[in-house]
Structures are given as C-alpha cells and as structure tokens.
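One letter stands for each residue in the lines below.
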Amino acid sequence: MKIIVVGGTGLLGHEAVEYALSQGHEVTSMDINDAKSEEWFTNKAKSVIGNVFTMSEEEICQALTGYDAMVYAVGPDDRFIPSEPAYGYFKLRLVDYCAKVFRAARKAGIKKASLCSSYFLYFDRKFPEKKLSIVHPYIQVRKEQAEVVLAQAKEQNGLPEMNVYIMELPYIFGTCPNRVPLWKDIFLKDIDLNNDQAPVYFPSGGTVMCTTRHIGESLINALVYGKESRHYSIGDENHPYDFMMENLMVGFLGKPRQIIHPPKEYVAELQDKKYNYEISQGKYRALHPKYLMLDIQYDNFYYTDEEIEKTCAELHLTRGGVKEAIIETGKVCREYVGK
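Bear in mind the structure is a predicted one, so any value in this text is a computation, not a measurement.

Asks: Even after reading the chapter, I still don't get the packing of helix α3 (residues 57-64) against helix α4 (residues 86-108), so can you show me in this structure?
Replies: Helix packing geometry: the angle between the two helix axes and the distance between the axes. At a closest axis distance of 8 Å, the pairing of α3 and α4 adopts a crossing angle of 50 degrees. The orientation of α3 with respect to α4, classified from their angle, is oblique. Taken as a pair, α3 and α4 cross one another with a handedness that is right-handed. Along its contact with α3, which presents Glu57, Ile60, Cys61 and Leu64, the element α4 presents Lys100, Val101, Arg103, Ala104, Ala105, Lys107 and Ala108. Per-class residue counts for the contact of α3 with α4 are 7 nonpolar, no polar and 4 charged.

This is the structure:
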C-alpha cells in the first residue's frame, strides 16, 4: 500500500511511518520542516514539505494524489494552552483545517484514512451524565471533528466514499527522535529534584494507557484491516495513576517516590482559582480544570478488557510494554532538564 503520513515526524506519526515501513508499505512523511528521512527513520521513507494548515485545498489535493491511504497525525492536543478562547483555537485547527485535508484527500483518490483523535470521545459516550463535550472545549471540538470528517468521507459530488477511522487514543508513552517528551512540562515540571524525600501529589484515579509502538500499529493496521468508517478505541492496559507516576519517577529519578492523593474537592477548588487567574492573563485551557478534577482525574477512565481484546483482534494489534515505555519516557525527560 502507498501511504502518506501527515505529521510523520511527530510522536505518533513517526511510529506510524516506522511500523508501515516494517510491513513493506511505501511510505511518505509530510511535514512542515525539511526533515530528512535518514535523520528520523530507521528504514527508507520519502519526506516532503507541507503545512496543511496553510496550504490551499487544491495544493493539498495535489500533494496527496497517487496515494492509497493517509494517516492524519497533526494538530494540538488538550495539553496546549492557547492565548485565545480555547473553543475557537481548537476548532480552527482540529475541525476546519482537518475538514479541508479530508476533502482534498477524497478528491485525490485516497481510499482509506486514519485520524488521531482522543479517547475522551469514548468516555463522552460512556458517561453522558458527566457532559464532557459540553463542559470541556477540547472534547467538544474533538466530537465535532469526528462528525465533520465522517461527513466529508461520504460519497458525494461524484466522488466515491473514503473509509475513515477515528482512532480514540488514550495516555501514550514512548519517545521520538529529536523531540522533547510532552510529559516533561506536564506532569514532571513540578517535581522537586533536590529533595529525595519530597512526595509526588497526584489524583487517585486511573486511565487506559498505550505505547507509541502500538499506536503506530493501530494507525496503519486500521488502513489494512478496517472496513467501513468507524471509531476505534485504542489501548493496551488499564492502570491507576500511581502506576504511571511511580514508573515515571523510576525513569526520571532512578527510584519511585511516595505518592499522595490530595482531596478531590480541595484540588478542584484550587484549580478553579488558577483557571480564573489564567483567563485574566489571557491563557485558556482546553479542559476546564475544576471539572477535570471532579469528573475525570479522580475517576477510572478504563476500557473493558473485552473491548481492548476485541479491537486488538480486529486490527491484529500486539500488546504489552507499557511499564517499560513509561520508564523510558521518564529517562528521556530527564535528559532535557534545564534545556
């Protein structure tokens, strides 16, 4: 299969390129910068320059012509804090620009496409009482993105249907050449490196987790084994956050530290005050931090084992290695301390 990976030098796109090459596919990485393939990939991949955010639909169509399938692995996630209202910022980049690319892909003759999305879509369906897509701008935009892309993929204007796979991705661990792990400035930035006895404060919930390797597998195998357009909830293992933080500490510091769970309501109140202050400073969070604590971080956002096994069987995915991937992520984060 001839595959183009939009965002092939990002964390997830890189793994998709590597896995596709290992399976004998002809792969092109499309990126903003002139990323030479020998500096990024272990096997031969073609690299082309292209910023799909600024390119016209016609330019994108031309760039995608001649490929059988596409992986779309670009766009900000919920960890980015924009300097403008979050809904508008994320809608432009995750809905409007994405719709443009998928329209162009159909015109170019792309038959199948996988889209990196968020597991919050799964939990928005599972927990309607939490109103996740109403409370949190990022989840609202991800929901709109999936709806728009699936609509763009339908047969219309004389063009055949393009099968689209909405890949609902969870907490992901692993590293990418030439990239600082995002975990460094998210969960590790407040760790006291000078006091070995300093505890780590973190919520008491849990989440489904996955390795970058298996995300790469899923993005490519959806193109190979997927049939009609649909959502795929991707995950390796369910774990409490303690498991994540302990192993990040092992990688980051060489040993685990005590983990303390502050009371949920107390943390939610502090986060709400911080949220209002940030807004006054022109910073807007993708997820409302008060309700992130009340409805998400102190809950278990798990897939059932049956659901994980079913998806793995359907897409021929391997599993395992989450602990090792978390430790490796912590080690690489430490390499960038002070940089």
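Asks: Help me understand the pairing of strand β5 (residues 112-118), please; the structure alone is not making it clear to me.
Replies: Strand residues, when the strand is regular, have side chains that alternate between the two faces of the sheet. Counting buried residues along β5, 7 of its 7 residues qualify, which places the element largely inside the surrounding structure. Judged from the 4 bridges that link them, strand β4 (residues 69-72) and β5 form a sheet pairing that is parallel. Bridge pairing in β5 links tyrosine 72 to leucine 115. In terms of handedness, the path from β4 via α4 over to β5 forms a crossover that is right-handed. Pairing geometry for β5 and strand β6 (residues 163-169), over 7 bridges, is parallel. Looking at the pairing, alanine 113 lines up with valine 164 of β6.

Asks: Teacher, can you tell me more about the nonpolar core here?
Replies: It is characteristic of soluble globular proteins that their nonpolar side chains tend to be buried jointly. Formed by 75 residues in total, the largest nonpolar core has its most connected members in Met167, Ile234 and Met244. If one sorts the elements of this core by residue count, helix α9 (residues 241-253) sits on top with 7 residues. Setting aside its immediate chain neighbours within four residues, isoleucine 234 contacts Met167, Glu168, Leu169, Pro170, Cys210, Ile215, Ser218, Tyr303, Thr311, Leu315 and Leu317. With 27 residues, the next largest nonpolar core counts Cys98, Ile110, Ala113 and Ile166 among its residues.

Asks: When you look at the packing of helix α10 (residues 264-280) against helix α11 (residues 289-297) in this model, what are you seeing that I'm missing?
Replies: Packing of α10 against α11 brings their axes to within 7 Å, and their N-to-C directions diverge by 160 degrees. In terms of axis orientation, α10 runs roughly antiparallel to α11. The interaxial crossing formed by α10 with α11 has right-handed handedness. Contacts between α10 and α11 involve Lys264, Val267, Ala268, Gln271, Asp272 and Tyr275 from the former and Pro289, Lys290, Met293 and Leu294 from the latter. Partitioned by chemical class, the residues of the contact of α10 with α11 number 6 nonpolar, 1 polar and 3 charged.

Asks: Could you clarify how one ought to interpret the pattern of salt bridges in this entry?
Replies: When the charged atoms of two side chains lie near each other, side chains of opposite charge can form a pair. Under the definition given, this model contains 13 salt bridges. Note that arginine 230 is salt-bridged to glutamate 314, the shortest N-O span being 3.2 Å. Residue arginine 230 is located in strand β10 (residues 230-233), and its partner glutamate 314 is located in helix α12 (residues 305-315); the two are separated by 84 residues in the primary sequence. Arginine 230 gets classed as partly exposed once you look at its relative accessible area, which sits at 29%. Taking the relative accessible area as the measure of exposure, glutamate 314 reaches 29% and is therefore partly exposed. The closest approach of N and O atoms between glutamate 309 and arginine 319, which form a salt bridge, is 2.7 Å. Placement of the pair is glutamate 309 in helix α12 and arginine 319 in the loop between α12 and α13 (322-335), with a sequence separation of 10 residues.

Reading the values: the criteria
- Residues numbered from 1 in each chain as written.
- Predicted model: local features only at pLDDT ≥ 70, side-chain atom pairs only at ≥ 80, totals over all residues.
- Heavy atoms only, no water.
- Axes fitted to C-alpha atoms, helices over the stretch in contact; angles between N-to-C directions.
- Helix = DSSP H or I, 4+ residues; strand = E, 2+ residues; numbered from the N terminus.
- Parallel < 35°, antiparallel > 145°, perpendicular 65-115°, else oblique.
- Left-handed = near helix turned anticlockwise from the far one by under 90°.
- Contact = heavy atoms within 4.5 Å.
- Nonpolar A, V, L, I, M, F, W, Y, C, P; charged D, E, K, R; others polar.
- Buried < 20%, exposed > 50% of the residue type's maximum accessible area, 1.4 Å probe, protein only.
- Pairing = 2+ DSSP bridges.
- Right-handed = clockwise from strand over helix to strand, strands pointing away.
- Core = buried A, V, L, I, M, F, W, Y, C linked by side-chain atoms within 4.5 Å.
- Salt bridge = Lys/Arg side-chain N within 4 Å of Asp/Glu carboxyl O.

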